Structure formats: C-alpha cells, structure tokens
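# Geometric and topological summary
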Amino acid sequence: MSEENKDNGKNGKSVGLVTRLIEGIKDVLESLKTDLPAKAKEQVELLKRPTKTQVFTSIFRHKHDDTPRNRALGVLSNVFLHLHPAKINRDAVRYSYTWGMGGITFYLFIVLTLTGVLLMFYYHPSKVQAFRDVLYLEHDVPFGKLLRNMHRWAAHLMVIAVELHMFRVFLTGSYKKPREFNWNVGVILLVLTLLLSFTGYLLPDDQLVFWAVTVGTNMARATPLLGHEGPFGAQLGMTPYNDVRFGLLGGSIVDANALLRSYIWHCIGIPIIASIFMILHFWRVRKDGGISGPAAVVLDSEVKEAKK
Ligand code: HEM
C-alpha cells in the first residue's frame, strides 16, 4: 500500500484507506442505531403538535405578544404599512454578496414582458402565419429585428441569471431556516422560468423548433403513471390519445393545437403565475428578515460609550 494511503488508526498503528473507510462506516451505523430511534420519536411527538413542526413554522408566521414594541415592529415589518424596510444590513446588499442576480433576473423578466407585448402586435399563432410573421419582423418591421433579438437574448440571460442566483443562494446557505419556504418558492420560479423558455421556443414554428418540440414532448410519453409508455401508464389506461403528452400538445402530433397551447401558456398563463410567485418571493425576503447576511459589521463609532 502506498504511503499516502497510510495513516494512524485509533490505536496509533498505521492503517490503510480501506480499513479507515470500514471504521468510518461502522461509526456511522453505530450512531444511527442510537440517534435514529430518538429522532424518529421526536418527529412522531412533533406530529402531535403540527403547528410546532419546522415545515409549519417555515410557511406560517408566528404571533407575538401584544406589547408596544411588538406593535411597532408589526407596522415596520408590514410591506403595505411600511414599503421600505426600516433597517437593512449593509453587507447583505453588497454586490459581492448577492451578485445582484435576483434583481437582474427580475429586471430581465420586465424586459421580456415589455418586448413580448410589442411582439404580440405582429405575431399570429397559426400554422400559416407564425413563421411568416417572424420573417416579417426580421426584415420589414422597423426595429423588428432589434425587438425580436432583445426578447431572445433577455430570455437566454434570464435562464442563466436565475441559475446563478440559485447558486449564490446555495453558496451563502440562504436556503436554511427561516428561508426554507422562500427557497421552495424559488424552485417553483426556476421551473416557471424554464417553462417560459420552452413554450416560447416553439413559437417561430420553423424546422428546428418542430423537431426540438417533437423530442421534448416525446419524453412526456415516458412519464410515470401519466404517460402511455411510462411505468404503470398502460395499466392506468393511458394511450397516445389521452396521456399527458396529448394534454400538452392538444393532440397526438406537434401541430396547430400545440402552437396555440404554447402561445397561450407563454403569453398569458405562465407570466401571470410567475408574477404571483415573484410577489410572494419578494414579500417573503422581507418577512424572513431581509437578505440573509453576512453578519453585520459594527463600526467602532457606532458602539455605545457605555459598552466600550
Ligand atoms: C424568476 C426567478 C427569481 C427572481 C426574480 C428572484 C428574485 C430574488 C431577489 C430580488 C432576491 C433578493 C436578494 C438577491 O437579489 O439575491 C431573492 C432572494 C432569494 N431567492 Fe430568489 N429569485 C428567483 C428565483 C429563485 C430561485 C430559483 C431560488 C432557489 C431555488 C431562489 C431563492 C431565493 C432565496 C432563498 C432568497 C433569500 C436569499 C437571502 O436572504 O440571502 N430564488 N430572489
């Protein structure tokens, strides 16, 4: 065995990597034997008081004692009664901490909404017109090419920005208590962003799109329970004419109904749902005590004389 694979064991003797690994696994199993029943008991106890569980307290806010200070806090922390937070942690709003990615994602959503509404003036979601409208926008409409490309680039950037935002939230551990609920709202926003991107992709109705959507929606055939080729799908009576793929396409092939469904989801359904979740997301950032951290830096000049 090579030198680097050797280390001191518990009794001071040199032991190999495999031995250490086995010892490690034994330790984990041992601690599971003692900790697991205690943890399980704790969870069962908690189920008897559901309002005290972590899931419940992360979703619902708790009531505070009716004292003058708490009443003042109630006003200050209410978004409607006090739009701007009374206090913010200056280190938490630094770009080096947040990367500004949540804000940039929201900004891109606004750009997409504005350019999207303008594109709607020129686009018809029909098999005859759709691709012609795209060509018309590219070559004839004044600033049409700019408009279309602003929409396309903002869409690509939003997908990248939302992922970077999620990555920074993960790196700063901001998914932990008390922000678990907002992390879950974020996951829904991520899925909605990807769905917006996917449904928009279909709209130009060219060959590239046709085959991409054919492949994409074919995956839905294999959905467990709901797809006719998925596990237990056939047993539940799924066929190509009633499964989840049929629901997505409005038919068994990628055609006019699929285009119309994509258009409605893309321009109306998903943007409305995403806007509602964004409002919830921003409100919760405030309710969870503002952006997470790092710990506030207190200047020497701010420390009270008595404490010095
Ligand atoms: C449309 C998508 C999204 C928008 C517009 C958005 C926007 C924002 C904004 C503006 C903030 C304030 C702090 C900052 O800018 O970093 C924030 C915080 C937060 N976001 Fe998002 N977000 C989105 C998606 C997500 C996703 C995908 C996740 C995670 C799965 C997530 C989880 C969080 C959490 C946990 C916080 C609190 C972070 C902290 O306190 O440090 N968000 N979001």
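Everything quoted here is computed from the prediction, not taken from an experiment.

One pass over the structure, following the stated rule, counts 7 salt bridges. Among the salt bridges present, the one from D205 reaches K127, with a minimum N-O distance of 3.0 Å. One end of the pair, D205, is in the loop between α8 (180-202) and α9 (207-218); the other, K127, is in the loop between α5 (101-120) and α6 (130-139), and 78 residues separate them in sequence. For R284, the salt bridge is made with D288, and the minimal N-O distance between the two is 3.3 Å. Looking at D288, the relative accessible area reads 7%, which means it is buried.

Within the largest apolar cluster, 14 residues are counted, with the highest numbers of intra-cluster contacts made by L108, F109, A154, M158, A274 and M278. Among the secondary structure elements, those contributing two or more residues to this core are α5, α7 (144-171), α8 and α11 (256-287). Contact partners of A274, with chain neighbours within four places excluded, come to F109, L189 and L192. By size, the runner-up hydrophobic cluster in this structure holds 11 residues, among which are A130, L202, L203 and L259.

Turning our attention to the packing of α7 against α8. Axis separation between α7 and α8 bottoms out at 10 Å; the angle between their running directions is 160°. By the angle between their axes, α7 is roughly antiparallel relative to α8. In terms of crossing hand, the pair formed by α7 and α8 is left-handed. Of the residues in α8, those in contact with M158, V159, V162, E163, M166, V169 and F170 of α7 are W183, L190, T193, L194 and S197. Split by residue class, the contact of α7 with α8 holds 9 nonpolar, 2 polar and 1 charged.

In this section: the coordination of the iron atom of the ligand. Donor atoms from the polypeptide that coordinate the iron atom of the ligand comprise H165 (NE2) and H281 (NE2), at 2.0 to 2.1 Å from the metal. One way to put it: the 6 donor atoms around the iron atom of the ligand meet at angles of 87 to 179°, and that makes the site octahedral. With H165 in helix α7 and H281 in helix α11, this residue pair connects regions lying 116 residues apart in the sequence. The residues H165 and H281 share a single accessibility class, namely buried.

Conventions used here
- Residues numbered from 1 in each chain as written.
- Predicted model: local features only at pLDDT ≥ 70, side-chain atom pairs only at ≥ 80, totals over all residues.
- Heavy atoms only, no water.
- Salt bridge = Lys/Arg side-chain N within 4 Å of Asp/Glu carboxyl O.
- Helix = DSSP H or I, 4+ residues; strand = E, 2+ residues; numbered from the N terminus.
- Buried < 20%, exposed > 50% of the residue type's maximum accessible area, 1.4 Å probe, protein only.
- Core = buried A, V, L, I, M, F, W, Y, C linked by side-chain atoms within 4.5 Å.
- Contact = heavy atoms within 4.5 Å.
- Axes fitted to C-alpha atoms, helices over the stretch in contact; angles between N-to-C directions.
- Parallel < 35°, antiparallel > 145°, perpendicular 65-115°, else oblique.
- Left-handed = near helix turned anticlockwise from the far one by under 90°.
- Nonpolar A, V, L, I, M, F, W, Y, C, P; charged D, E, K, R; others polar.
- Donors = N, O, S within 2.8 Å, 3.2 Å for Na, K, Ca; no water.
- Tetrahedral: all angles 85-135°; square planar, octahedral: opposite > 155°, others 65-115°.

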